[in-house]
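Architecture at a glance
As a plain string of letters, each chain reads:
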Amino acid sequence: MASHASLDPRVNRLPANMENPDEKIALDQLTTFEVFVQPKPGKPFQHEGIVHASDIEMAYLFAKESFTRRFTCSSLCVVPTGQVTSSPMTEWTESVFDRLDQVPSTEGSSKTYEMFVLTATCPRGNDRGSITTGGHAGYPGTVGGEGSSECLGNTESGVSFYSGK
Amino acid sequence: MYGGSSSLDVSSADQQIQEDPIKLRAFEERIARGEKIEPVDWMPALYRKQLIRMIEQHAHSEIIGALPEGTWITRAPGFRRKLALMAKVQDEVGHGQLLYSAAETLGKTREQMIDDLINGRSKYSNIFNYPAFTWADACFISWLVDAGAIVNQLANAKGSYGPYCRALDRICAEESFHLKYGHHCVIYLAAGTKEQRRMFQEALNRWWPPMMHFFGPADKISAHTEVLMKWKVKMATNDEMRNQFLDMYVPKVWELGFTIPDPVLKKDTATGKWHYTEPDWEEFKRVINGDGPCNKERLAVRKIAEQRGKWVRDALRSRDMSYVTPLA
């Protein structure tokens, strides 16, 4: 194959002397959102992974494409990674409850939080319901005390729910 | 799609020695029990480094691998093939997204990974440095290159790093569709005219040597992988995966009446091992280091996409955005 004639029509249209693109700057790939999927009605939400997006709307669209294109689900939920507060992992040597002081608290009015528990048998965070608190990020142990780690996402600040099919 | 960990570099076993022995022991015991390691867990620096390298290369392979097939979308024979190929290529790009995310949980940002790809600092599967001349080449890729990728990915899906395994489970489910699609394309050519059969035989002749390279260098010349096997980063040796591929697919190729361009290719029924002509590892090294028929072109397409999309990414970025390493 002669080097000038490519089988890729895009290459033949490229400028001859293309310079290397500039090094990427921070946030060139935007920010991340955590994706939770409810596989069937009544089942807990399961953490599936992340998407990169500029806002919640775009995150929702990408989550839909990346995680539900081939597998159906009853509901899909996205939340900015920065909005998730997660306790440290204990590796089963102590209860998460004893680490309450390590969970940062936030000032403010009453908010509802979704709660996820990570266990060794179920390594993806599993939704254990929601709790309403007066501004604190939550009380580890009250809902999912048997878990090795818990994380909380604020339902008011950017969780989008999708009730489908 | 992804071909074996061809450029794994276990340069220093010393790195392992510097780790905290108590933590290292607990880590290895967890892996031996079949537990998955999650992003927040303690892990040796070498484990992290090798996983980033491996998952990142896998992600790049999905993106670059979509290029030789992607050029065939406009020329696919018929509307059904066009639709199917378009969906397949979109799947591959989606796999790239899932894998970049899995690698990101280990602490390397997506910006750095893409920079390393377009500036030639990072590798991708060597097979995509070869051109797809005809539709039959595209059929070979969809059937047999994807088949090779499945052998590799099913093995890796049993590995120890949670986010990578979960991404692979999802990917394997989609790849099995691609395999059926590719097999159907090849059966169609095999059952067609003399000209169609000749077209596929020629594609097979062209692609067989890179296909044999696909699983990486022979065990006797490849880097020391014992520790990676123990940590379940690598689940089978290159030769084991090559043998498994031959075992599964050579009979299927022969069944369709095609000839594989290797006169000594034969299964030893006593050992279950395939005999084959030793692939040309010098050519493999030359191509993976940049001197292949399509290396420049593949990166050029990725670079132009990078330049053309820049204004969109700049417009989307807002001042109050911040970055946090994703959870899992």
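As for the overall build of chain B
- Along the backbone of chain B there are 12 helices and two strands.
- Order of helices (α) and strands (β) in chain B, N terminus to C terminus: α-α-α-α-α-α-α-α-α-α-β-β-α-α.
- Relative to the 2.2 N^0.38 estimate, which gives 20 Å for 328 residues, the radius of gyration of chain B is 20 Å and therefore close to what a compact globule would have.
- Taken along the three principal axes of its C-alpha coordinates, chain B extends 65 × 60 × 35 Å.
- Sorting the 328 residues of chain B into buried and exposed places 58% on the buried side.

So, the overall build of chain A
- A tally of regular secondary structure across chain A gives two helices and eight strands.
- Put simply, chain A has 165 residues, and 45% of those count as buried.
- Across chain A, every contact between residues at least 6 apart in sequence was considered, and the portion connecting residues at least 24 apart equals 59%.
- By element, 52% of the accessible surface of chain A is carried by carbon and sulfur atoms, the whole surface being about 8,500 Å².

A short note on the nonpolar core
- In this structure, Tyr47, Trp135 and Phe245 of chain B are the most contacted members of the largest nonpolar core, which totals 108 residues.
- If one sorts the elements of this core by residue count, helix α6 (residues 135–156) of chain B sits on top with 14 residues.
- Non-local contacts of tyrosine 47 of chain B, meaning those with residues more than four positions away in its chain, are made with Phe27, Ile31, Ile37, Ser160, Tyr161, Trp231 and Val233 of chain B.
- Listed in part, the six residues of the second largest apolar core include Phe36, Cys77, Val79 and Phe116 of chain A.

Topic: the interface of chain B and chain A
- The interface of chain B with chain A comprises 48 residues on the first partner and 46 residues on the second.
- Across the interface of chain B and chain A, roughly 4,500 Å² is buried in total on both sides, 60% from carbon and sulfur atoms.
- Applying the counting rule to chain B against chain A returns five salt bridges.
- The shortest N-O distance in the salt bridge between arginine 69 of chain A and aspartate 91 of chain B comes to 2.6 Å.
- Across the contact surface, chain B and chain A share 15 residue pairs in polar contact (both at pLDDT 80 or more).
- Taken together, the elements giving at least two residues each to the side of chain B that touches chain A come down to α4 (79–104), α5 (110–118), α7 (162–190) and α12 (295–316) of chain B.
- Among the elements that line the side of chain B that touches chain A, the one with the most residues is α12 of chain B, at nine residues.
- Taken together, the residues that form the side of chain B that touches chain A break down as 23 nonpolar, seven polar and 18 charged.

Quick look at a nonpolar patch on the surface
All names here are of chain B.
- Taken together, the side chains of Phe79, Leu83 and Met86 define a hydrophobic patch exposed on the protein surface, amounting to about 330 Å² of accessible area.
- Here methionine 86 lies in helix α4.
- Among the residues examined, methionine 86 registers a relative accessible area of 42% and is labelled partly exposed.

Brief notes about the environment of aspartate 268 of chain B
All names here are of chain B.
- On the secondary structure map, aspartate 268 appears in the loop between β1 (266–267) and β2 (274–275).
- The class of aspartate 268 is partly exposed, set by a relative accessible area of 24%.
- Between the alpha carbons of aspartate 268 and threonine 134 there is a distance of 34 Å; along the sequence they are 134 residues apart.
- Excluding its chain neighbours within four sequence positions, the residues that come into contact with aspartate 268 are Lys273 and His275.
- Here alanine 270 takes part through its backbone nitrogen, which lies 3.0 Å from a polar atom of the side chain of aspartate 268.

Some remarks on the packing of aromatic side chains
Residue and element names in this part refer to chain B.
- Taken as a whole and assessed by the stated rule, the structure comprises 14 aromatic pairs over all chains.
- Ring plane angle 65° and centroid distance 6.3 Å describe the contact between tryptophan 72 and tryptophan 135, whose orientation is recorded as edge-to-face. You can see tryptophan 72 sitting in the loop between α3 (45–70) and α4 and its partner tryptophan 135 sitting in helix α6, a full 63 residues away along the chain.
- For tryptophan 72, a relative accessible area of 8% translates into the label buried.
- Within the aromatic cluster, the residues linked to one another by ring pairs are Trp143, Phe214, Phe215, Phe245 and Tyr249.
- Against the face of phenylalanine 258 rests arginine 197, its NZ or CZ located 4.7 Å from the ring centre.
- Taking NZ or CZ as reference, lysine 252 lies 5.2 Å from the ring centre of tyrosine 249, over its face.

A few points about the state of the cysteines
Residues and elements named next belong to chain B.
- For the structure shown, the criterion picks out zero disulfides over all chains.
- Take cysteine 165: it sits in no disulfide, and the sulfur closest to it among the cysteines is that of cysteine 172, at 10 Å.
- A residue is classified by how much of its surface remains accessible, and cysteine 165, at 3% relative accessible area, is buried.

Here's the deal with the pattern of salt bridges
- In total, this model carries 33 salt bridges over all chains according to the counting rule given.
- The residue arginine 69 of chain A makes a salt bridge to glutamate 65 of chain A at a minimum N-O spacing of 3.9 Å.
- For glutamate 65 of chain A, a relative accessible area of 36% gives the class partly exposed.
- For glutamate 195 of chain B, the salt bridge identified is with arginine 198 of chain B, shortest N-O distance 2.6 Å. Placement of both glutamate 195 of chain B and arginine 198 of chain B in helix α8 (residues 194–213) is noted, with a separation of three residues, approximately one turn of the helix.
- Residue class for glutamate 195 of chain B comes out partly exposed when judged on its relative accessible area of 44%.
- In this structure arginine 198 of chain B comes out as partly exposed when scored by relative accessible area, which is 39%.
- Residues joined by salt bridges that share partners form a network here, namely Glu23 of chain A together with Glu56, Lys108, Asp116 and Arg121 of chain B.

A word on the confidence of the model for chain B
- Predicted confidence across chain B gives a mean pLDDT of 92, with 94% of residues reaching 70 or more.
- Mean pLDDT values for the elements of chain B range from 56 in helix α1 (residues 14–17) of chain B up to 98 in α8 of chain B.

What counts as what
Residues numbered from 1 in each chain as written. Chains lettered and ligands numbered in written order. Predicted model: local features only at pLDDT ≥ 70, side-chain atom pairs only at ≥ 80, totals over all residues. Heavy atoms only, no water. Helix = DSSP H or I, 4+ residues; strand = E, 2+ residues; numbered from the N terminus. Rg over C-alpha atoms; globule rule 2.2 N^0.38 Å. Buried < 20%, exposed > 50% of the residue type's maximum accessible area, 1.4 Å probe, protein only. Contact = heavy atoms within 4.5 Å. Areas by Shrake-Rupley, 256 points an atom, 1.4 Å probe, with all protein chains shown as cover. Core = buried A, V, L, I, M, F, W, Y, C linked by side-chain atoms within 4.5 Å. Buried area = accessible area lost by both parts, 1.4 Å probe. Salt bridge = Lys/Arg side-chain N within 4 Å of Asp/Glu carboxyl O. Polar contact = N/O pair within 3.5 Å; in protein donor to acceptor, adjacent residues only side chain to side chain. Nonpolar A, V, L, I, M, F, W, Y, C, P; charged D, E, K, R; others polar. Patch = residues over 30% accessible without salt bridge, like charges linked within 9 Å, V, L, I, M, F, W, Y side chains within 5 Å. Phe/Tyr/Trp six-rings, centres within 6.5 Å; stacked < 30°, edge-to-face > 60°. Lys NZ or Arg CZ within 6 Å of the ring centre and 35° of its normal. Disulfide = S-S within 2.5 Å. pLDDT = per-residue confidence, 0-100.

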